[in-house]
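# Working through the structure, step by step
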Amino acid sequence: MEITNKAITGPLQQMPNKLSNPNPMQQVLNPTPMQPAINPTPMQQAIKINPTPMQQLLNPTPLQQMLNPTPLHQLMKPSAMQQVINPSPGQQAVNPSTGQQAVNPTPMQHELTTKINPVPLHQLIRHDRSMITMSDDNMMVKQIQATHAPDGREFDVKPLFQLVEDILNRATPGVDPLISAAQTRIETSDDRTNQASFIALLEALSFTIDRISCEIAYKSLGGGDAHATTLSIFDLLTSYSWEAKLVLTLSAFAVNYGEFWLLAQIYSTNQLAKSMAILKQVPIILEHSGQLKPRFDALNNLIRAMVAITRCIIEFKELPSMYISQDVPALATAMTHIPTAVYWTIRSVVACATQITTLTSMGHEYWTSATNEAWELSTMAHKINSILDLLKKQLTLCYQYIDDKWNAETFQMLLNLFESIHIDNMKILRALISPKDDVQPLLEGSTKRRVNIDVLRRKNVLLLISGLSISHDELSILEQIYNESRVHGTRMESQYEVVWIPVVDRSVMWTDAMQDRFETLQATMPWYSVYTPTLIDKAVIRFIKEVWHFRNKPILVVLDPQGRVVSPNAIHMMWIWGSTAFPFTSLREEALWKEETWRLELLVDGIDPTVLNWVKEGKFIYLYGGTDMEWIRKFTTTARAVASAARIPLEMVYVGKSNKREQVRKCITSITTDNLSYCWQDLTMVWFFWTRLESMLFSKIQLGRGDDDDSMLREIKKLLSYDKEGGWAVLSKGSFVFVNGHSSTVLPTFTEYNLWKDDVPPKGFDIACMDFHSKLHSDSQPCCRFEFPSEVGRIPEKIRCPECLQIMEKYVTFGCCHDENAISALY
């Protein structure tokens, strides 16, 4: 081996040719055993003769390192100081003077230990595995509870958490591939970092965040137990609340994690970032992204779990104390699990930080050689997600408890509000339509513009309350009545406004189909409507159902200019009398009934002008219904024959049935084809006939007259009952109705015309027919029944049979066969 005799001008010139350009650290770690002796300079001799042992071990000059490498036997038998600085694997550092363990090595000693003998990453996380599977959570909770001593000073963690969440969301990459373009998305949401109060908060917390960051970074490669590292963080955060501990720890992690991925995103376009990225081996790491993908997948899943559980714990903190207290079982259960959740989340932060620190300090080769880390991270994520599921369940119960309590208070407030006297209707309408103080809660019908609720001030307001199942027939008739009232804008009948309040089931998920249905209905309405169903509060829906008895059928609640309810449901008035019923009060309803009599106009008014013209002409008019075409043919043929024999002007109108729409349509087609009688071709007219008839019954019930000995009500009940039991007919001469009978008695009345035709000249056809029908009716009374759908709001507790006046038996439907044990009335 050739040795140069030239003067030494630098350390590299003293090296053998075969060891050109060595790394000084490599010389410390791996001195060449066969290195030859070199003639030292006088300065070197001085240094060699009187060296300070501590200087030689801790602070050697580069020249000393190269000229006097540690002999192999000294490496095999380290000095006491070397034992302190560099204990062998599995060997604890020992104080040579006392023989005791060195408890707190200096940072420099720890750094040298780490660099000389780095602890394999899988060994670090293997501690976690044993802790996860074998630790006693109760003992661990006691340990961290002992460190928890909040001093009462609290701060709003949400702005800081939102900032941390944004960093982690933007930093956490898609790992297939890892290399992706820098995100250019710029959000227009409120930038909290520009708020002075938030900046002041960051200034106050920055020192604590830095301390946590340093603590994690310092211990990430030191081989320390993850549990001990986690407890040391708890010691730093003794005076903070549970959620603050979490957010501050996540903030410390986000600083380093965000820096790593920021360099990964911009190093290709920024020279400063490129230089820093090279120092952190970022380009090399990204080149091996395929090999690291499972690791990053597990890391990202764990970070998402940490963020999610932190968000959940913050939500517990934000629960309003005026609606829920610590003794509520759901909240009490959650509070017992929050310390455990905080512990495992901070411990997961330590694990994630260890992964990133190891990657940047040891390189991708070390990462790809370790095989268990992805599984370990997934195990941590599974544990956190398990705790998160439990907390979410309790949080849902807490929200339900708060919601129920708030709804109860709001419901009581509404009750009190409607019992109070007001100068206008604004308080009432805002409580019903805009409890959240929406500036423009209404959509104007004609222009489809959003408007303020003030457009209804001091007006008569009709609240049209319905679900999304309101039918086209109902809307078309309402629209017709509404538009007719607007034709004469100066009349009193036009001095009201209609507002549609859509009531939807909040427990059912709102779908696109439901949204489309809502928008379609809203687009067809010429009156005001609530802009969106979400403006209607749950307590308001409860009030509407319990106080105004809304089920599913549309109701029309009338408020006067002072917001008082003057009719709990004016839709019956609207169907029967239209705008003539203005101002739609219960008093007006009673007055209109007092003016009415049992006449044909009551049944067909506002439906068909042709029939009304026949009434004016004094013709005999037969209304009939049912879906039995055999009976219909017999009835129409026989009725025409009798009318011809009696020489009376006869018109017949088929009005269908209250249900079985398709069967009615087929009957109309057959009747028209065979020219049996006049028909309503528009099924909306058929629907309106039966709706008006039902409204007459409900109007009487609503006024408390549903069970009076009212002859007009009895005839209405008969007609509704006959509709459920087959065919029927109403016979009139002009306005005068002389027969209202079931198919079982009306057809025999005509087929047996010869038995009463002699009474026609003295009595008149109408009276003679009525007398003979009454005789048949008394001999054979059909069973009566009424069906009240569950969606109808006000169902009477009892109802009298219109035939025999007995109280009807109440089953799923009302039924009576004039016998106390009328079991046959059931169907």
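To be clear, the structure that these remarks concern was listed above.
Being a predicted model, the structure only gives us computed values, none of them experimental. The numbers attached to residues start from 1 for each chain and follow its sequence in the written order. Thresholds applied to this predicted model are a pLDDT of at least 70 for local features of residues and 80 or more for the giving and counting of side-chain atom pairs; totals over whole chains, interfaces and linings are not thresholded and use all residues. To get the side-chain values, take all heavy atoms of the structure and skip hydrogens and water.

## Focus on the overall build of the protein
Strands are runs of DSSP state E lasting at least 2 residues, helices are runs of H or I lasting at least 4, and numbering of each runs from the N terminus. Helices and strands together make up the secondary structure of the protein, namely 34 helices and 15 strands. Across the protein, every contact between residues at least 6 apart in sequence was considered, and the portion connecting residues at least 24 apart equals 71%. Residue contacts are counted whenever heavy atoms from the two residues lie within 4.5 Å of one another.

## Side note on the packing of aromatic side chains
Ring geometry is summarised as follows: Phe, Tyr and Trp rings, the Trp one being its six-membered ring, pair when their centres sit within 6.5 Å, and such pairs are stacked at plane angles under 30 degrees, edge-to-face over 60 and tilted between the two. For the structure on display, the rule yields 35 aromatic pairs. A ring pair is formed by Trp575 and Phe688, whose centres lie 5.9 Å apart and whose planes are at 75°; its orientation type is edge-to-face. Of this pair, Trp575 sits in helix α24 (residues 571-577) while Phe688 sits in helix α30 (residues 683-702), placing them 113 residues apart in sequence. For Trp575, a relative accessible area of 5% translates into the label buried. Look at Tyr753 and Trp756: their rings are 4.8 Å apart centre to centre, the planes differ by 90°, and that puts the pair in the edge-to-face class. Three labels apply to residues, based on accessible area from a 1.4 Å probe with only protein chains included: buried if under 20% of the type maximum, exposed if over 50%, partly exposed otherwise in between.

## Let's talk about unusual backbone geometry
Note the cis peptide between Phe582 and Pro583, where omega equals 10°. The phi angle at Lys448 is positive, at roughly 60°, despite the residue not being glycine. By secondary structure assignment, the location of Lys448 is in the loop between β1 (442-443) and β2 (450-451). Classification of Lys448 as partly exposed rests on a relative accessible area of 33%. Of note, Arg458 is a non-glycine position whose phi angle comes to about 55°, a positive value. Tracing the sequence through the fold places Arg458 in the loop between β2 and β3 (460-466). Taking the relative accessible area as the measure of exposure, Arg458 reaches 49% and is therefore partly exposed.

## Quick word on helix α28 (residues 629-646)
Here a helix's expected span is defined as the number of its residues, less one, multiplied by 1.5 Å. Its 18 residues give α28 an end-to-end C-alpha distance of 25 Å, which sits within 8% of 26 Å, the value for a rise of 1.5 Å per residue. Burial in α28 covers these residues: Met629, Trp631, Ile632, Phe635, Thr636, Thr638, Ala639, Val642, Ala643 and Ala646. Where α28 starts, the residue carrying a side-chain oxygen 3.2 Å from the main-chain nitrogen of Glu630 turns out to be Asp628. Immediately downstream of α28, the backbone of Arg647 shows phi near 55°, a positive value. Definition of a polar contact: a pair of N or O atoms within 3.5 Å, with one able to donate and the other able to accept a hydrogen when the atoms are protein atoms, and with sequence-neighbouring residues admitted only if both atoms are side-chain atoms.

## What to know about the packing of α28 against helix α32 (residues 743-751)
As a rule, the C-alpha atoms of each element are fitted with a line to give its axis, helices using only the stretch in contact, and angles between N-to-C directions run from 0 to 180 degrees. Relative to each other, α28 and α32 sit at 35°, their axes nearing to 9 Å. As α28 packs across α32, the resulting crossing turns out to be left-handed. From α28, Trp631, Lys634, Phe635, Thr638, Ala639 and Val642 reach across to α32, where they touch Ser743, Val746, Leu747, Phe750 and Thr751. Partitioning the contact of α28 with α32 into residue classes produces seven nonpolar, three polar and one charged. The sense of a crossing depends on the near helix, which, turned anticlockwise from the far helix by less than a right angle, makes the crossing left-handed and, turned clockwise, makes it right-handed. Polarity classes work like this: nonpolar for Ala, Val, Leu, Ile, Met, Phe, Trp, Tyr, Cys and Pro, charged for Asp, Glu, Lys and Arg, and polar for all others, with Gly in that last group.

## Some words on the side chain of Thr636
Within the secondary structure, Thr636 is located in helix α28. The exposure class of Thr636 is buried, given its relative accessible area of 1%. At 3.2 Å, the side chain of Thr636 and the backbone oxygen of Arg633 are in polar contact. Setting aside anything within four residues of it in sequence, one finds Thr636 in contact with Tyr624, Met652 and Leu676.

## Overview of the packing of helix α29 (residues 661-673) against α30
Their axes nearest at 11 Å, the elements α29 and α30 cross at an angle of 120°. On the basis of the axis angle, α29 is oblique to α30. Between α29 and α30 the crossing geometry is right-handed. Every residue of α30 that contacts α29 at Arg661, Val664, Arg665 and Ile668 is listed here: Leu683, Thr684 and Val686. Working rule for angles: under 35 degrees goes down as roughly parallel, over 145 as roughly antiparallel, 65 to 115 as roughly perpendicular, anything else as oblique.

Everything listed here is a matter of coordinates, which is why it stays silent on function.
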